[in-house]
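What follows is each chain in one-letter form.
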Amino acid sequence: MIYDNCIKYIRDEADKLHTPNEWSRRSILFLGMDSLAKSLIYILKDYGSKISVTDSGYRFASYSDIPVIRNTENVSGHCDVIIVTEKKYFDDFSALLSSSRAEIIDMTFLRMNYFPKLDLPPNAESITLREAQLEMTEMMSCFHEFCQKNNLRYSLDGGSLIGAVRHKGFIPWDDDVDVVMPMPDYLRMLKLLPGNMPSKYELQSPHGGEKVVSTVTRLVSKNILTGQNHYPVKYICGMGIDIWAIAGFPESIKEQTEYSAELEHLGEVWKERIVIPFNNSDEFQNECVRFGEEMLELITAYDYDKCSFAGYAYIGRILHIRNKENRALPKTLYDELELMEFEGKSFSCIRNFDNYLTQMFGDYMQLPPPEKRVAENSDMIYRSK
């Protein structure tokens, strides 16, 4: 993976404003818990600054051991500096900003397009999204055959399942394949798949002892590449299949909601411990291994085969599901499968797809507005010769 951790550029911008020693003597207030704020917190904690955060919409009581303040009344009286990391905060906190005597620092320009571009691999050539989709269809055929041979259950999911239903193939602007696997099958796949796929494909997983930016396990092509961002890390990676594990969930709604929150909260810890300090050191490699073990322990907390409910084992917040507080669904939705057409092939899909997709997306047959019909994750797409 070709990558650049832009945390060093963010640190440079912070150092232009105050020296590390000066920062250490300041009390700083952040107006929200976005990714830039988290990156600056990482830097300023290292400098020894006193940090506070206000964010009424943040789901958790603290971030990185810093309590998150819900009530903004008189909050600015306890800080020397207010750092603004999103333009909308100037409107959201206008009363606080206008009445505060603190130094107000606008850092909203620190977006990913502000940082240097990555250098492409030698001899990389630009290709179309459709060419990449055809390569991923071939990859999906290999994955399907592997699962059939080893009696592993899987289903197309998310945009790929919508694509199978609505387009009989890729949504025209989709830039990856999504599948889900019940936890027992997912764990067997992690052991069996390496070495049993064509050499041009590679399995990348946070549970495999590798350094990865995402907590989703992926089967990727080494030949079809695209640029992606996971603030503050820019990277060029293979395109392919996102493999989402489905975990068993507890029976009561209260416990399901609590477990969903645990999975989401560990994603915040992942951001702090893995994404923001991403580097090549042996110490960091060891941290990745330790974190992968923590993740695996949490996502296997409930025995899938004994549970009536199941849901995404994803470490982090899931944006596309309608009930964002509770991921649990009846397990039968994931267990009852059938073959459906996808790009002229037949792949495994959830049999009761209408109920499933409606719970996830609402009216999934309705096309989004034209301005939304674009690839969400990929920049330019390249073939590496």
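Up top is the structure these notes are about.
To keep things clear, this report deals only with the structure shown in the data block. (Residues numbered from 1 in each chain as written. Predicted model: local features only at pLDDT ≥ 70, side-chain atom pairs only at ≥ 80, totals over all residues. Heavy atoms only, no water.)

**Regarding the overall build of the protein**
The criterion, for reference: Runs of E in the DSSP output that reach at least two residues are strands. Runs of H or I that reach at least four are helices, and both are numbered from the N terminus. When we talk radius of gyration, it's over C-alpha atoms, and the globule rule is simply 2.2 Å times the number of residues to the 0.38. When accessible area is computed with a 1.4 Å probe and restricted to protein chains, residues below 20% of their type maximum are described as buried, those above 50% as exposed, and intermediate ones as partly exposed. We call two residues in contact whenever any of their non-hydrogen atoms come within 4.5 Å of each other. Per-residue and other accessible areas were derived by the Shrake-Rupley procedure at a 1.4 Å probe size, with only the shown protein chains allowed to occlude residues. Residues counted as positive are Lys and Arg, residues counted as negative are Asp and Glu, and His and the chain ends are not counted. For charged residues, the charge sits on one atom: NZ in Lys, CZ in Arg, CG in Asp, CD in Glu.
Assigned secondary structure in the protein consists of twelve helices and 18 strands. On C-alpha atoms alone, the protein measures out to a radius of gyration of 22 Å, which is about the 21 Å that the 2.2 N^0.38 rule sets for 385 residues. Principal axes of the C-alpha set define a box for the protein whose edges measure 65 × 55 × 45 Å. A burial count over the protein gives 53% of its 385 residues as buried. A sequence separation of at least 24 residues applies to 66% of the contacts in the protein between residues at least 6 apart. Within the structure as shown, the protein displays about 17,900 Å² of accessible surface, and the carbon and sulfur contribution to it stands at 48%. Side chains of the protein give 43 positive and 57 negative charges; the mean places of these two sets differ by 1 Å.

**Digging into the packing of aromatic side chains**
Put simply, the rule reads: The aromatic pairing rule takes the rings of Phe, Tyr and Trp, using the six-membered ring of Trp, and pairs them if the centres are within 6.5 Å, calling planes under 30 degrees apart stacked, those over 60 edge-to-face and the rest tilted.
For the structure on display, the rule yields 18 aromatic pairs. Note on tryptophan 270 and phenylalanine 291: the rings are 5.3 Å apart at their centroids and 65 degrees apart in plane angle, and the pair reads as edge-to-face. Separated by 21 residues along the polypeptide, tryptophan 270 in helix α9 (residues 253-275) and phenylalanine 291 in helix α10 (residues 282-299) bring together distant segments of the chain. Following the ring pairs from residue to residue traces out a cluster consisting of Tyr9, Phe109, Tyr114, Phe115 and Tyr231.

**So, the side chain of threonine 215**
Locating threonine 215 in the fold gives a position in the loop between β11 (201-204) and β12 (217-230). In contact with threonine 215, not counting residues within four places along its chain, are Pro206, Trp270, Met295, Tyr314 and Ile315.

**Some remarks on unusual backbone geometry**
The linkage connecting tyrosine 231 with the following residue, proline 232, adopts the cis geometry, with an omega of 5 degrees. For proline 232, the location among the structural elements is in the loop between β12 and β13 (233-249). For asparagine 151, which is not a glycine, the phi torsion comes out positive at approximately 55 degrees. Along the polypeptide, asparagine 151 turns up in the loop between α6 (129-149) and β9 (155-156). According to the relative accessible area criterion, asparagine 151 is exposed, its value standing at 65%.

**Concerning helix α12 (residues 353-361)**
Quick note on the threshold: What the arc describes is the spread of directions from the helix axis to the C-beta atoms.
Residues Tyr356, Leu357 and Met360 constitute the buried set of α12. Down the axis of α12, the sector holding all buried residues measures 90 degrees, keeping them to one side. Close packing links the buried residues of α12 with α7 (158-166), β14 (309-312), β15 (329-330), α11 (332-335) and β17 (345-350). The first or second residue beyond α12 is glycine 362, which carries a positive phi of 80 degrees.

**A closer look at the nonpolar core**
Quick reminder of the rule: Residues enter a nonpolar core if they are buried and are Ala, Val, Leu, Ile, Met, Phe, Trp, Tyr or Cys, with the set joined through side-chain atoms within 4.5 Å.
Within the largest apolar cluster, 82 residues are counted, with the highest numbers of intra-cluster contacts made by Phe143, Leu156, Met189, Ile243, Tyr334 and Tyr356. Among the elements that take part in this core, β13 stands out by supplying eleven residues, more than any other. Beyond its immediate chain neighbours, meaning those up to four positions away, phenylalanine 143 contacts Tyr154, Val179, Met181, Met189, Leu193, Met197, Leu219, Ile241 and Ile243.

**Focus on the sheet that holds strand β5 (residues 66-69)**
Rule in force here: Pairing between strands requires that DSSP locate at least two bridges from one strand to the other. The angle between two axes is taken between their N-to-C directions and runs from 0 to 180 degrees, where each axis is a line fitted to C-alpha atoms and a helix contributes only its stretch in contact.
Across the sheet, six strands lie side by side as β4-β5-β3-β2-β6-β7; this open sheet has mixed pairing. Only two strands of the sheet have a single partner each, and these edge strands are β4 (62-63) and β7 (103-106). Running over the sheet, helix α3 (residues 35-47) touches β2 (27-30), β3 (50-54), β4, β5 and β6 (81-84) and is turned about 165 degrees from β2.

**As for the pattern of salt bridges**
Worth spelling out the cut-off: Should a side-chain nitrogen of Lys or Arg be within 4 Å of a carboxyl oxygen of Asp or Glu, the pair is scored as a salt bridge.
The final tally for this structure, using the stated rule, is 21 salt bridges. A salt bridge links aspartate 185 to arginine 153; its shortest N-O distance comes to 2.6 Å. In this pair, aspartate 185 is assigned in helix α8 (residues 183-192) and arginine 153 in the loop between α6 and β9, connecting sequence segments 32 residues apart. Aspartate 185 gets classed as buried once you look at its relative accessible area, which sits at 5%. We note a salt bridge from arginine 218 to aspartate 242, for which the minimum N-O separation is 2.8 Å. In this pair, arginine 218 sits in strand β12 while aspartate 242 sits in strand β13, placing the two residues 24 residues apart along the sequence. Across the pair, aspartate 242 and arginine 218 agree in class, each one buried. Several salt bridges share partner residues, and in doing so they unite Arg59, Glu264, Arg317 and Glu325 into one network.

**Quick word on the packing of α9 against α10**
Applied cut-off: Every angle not falling under 35 degrees, over 145, or within 65 to 115 is termed oblique; those three ranges are roughly parallel, roughly antiparallel and roughly perpendicular. Under the scheme applied here, ten amino acids are nonpolar (Ala, Val, Leu, Ile, Met, Phe, Trp, Tyr, Cys and Pro), four are charged (Asp, Glu, Lys and Arg), and all others, including Gly, are polar.
The geometry of α9 relative to α10 is characterised by a closest axis approach of 11 Å and an angle of 175 degrees between their N-to-C directions. Considered as vectors, α9 and α10 are oriented roughly antiparallel to each other. Facing Tyr259, Glu262, Leu263, Leu266, Val269, Trp270, Arg273 and Ile274 of α9, the residues of α10 in contact are Phe284, Glu287, Cys288, Phe291, Glu294, Met295, Leu298 and Ile299. Broken down by class, the residue content of the contact of α9 with α10 amounts to twelve nonpolar, no polar and four charged.

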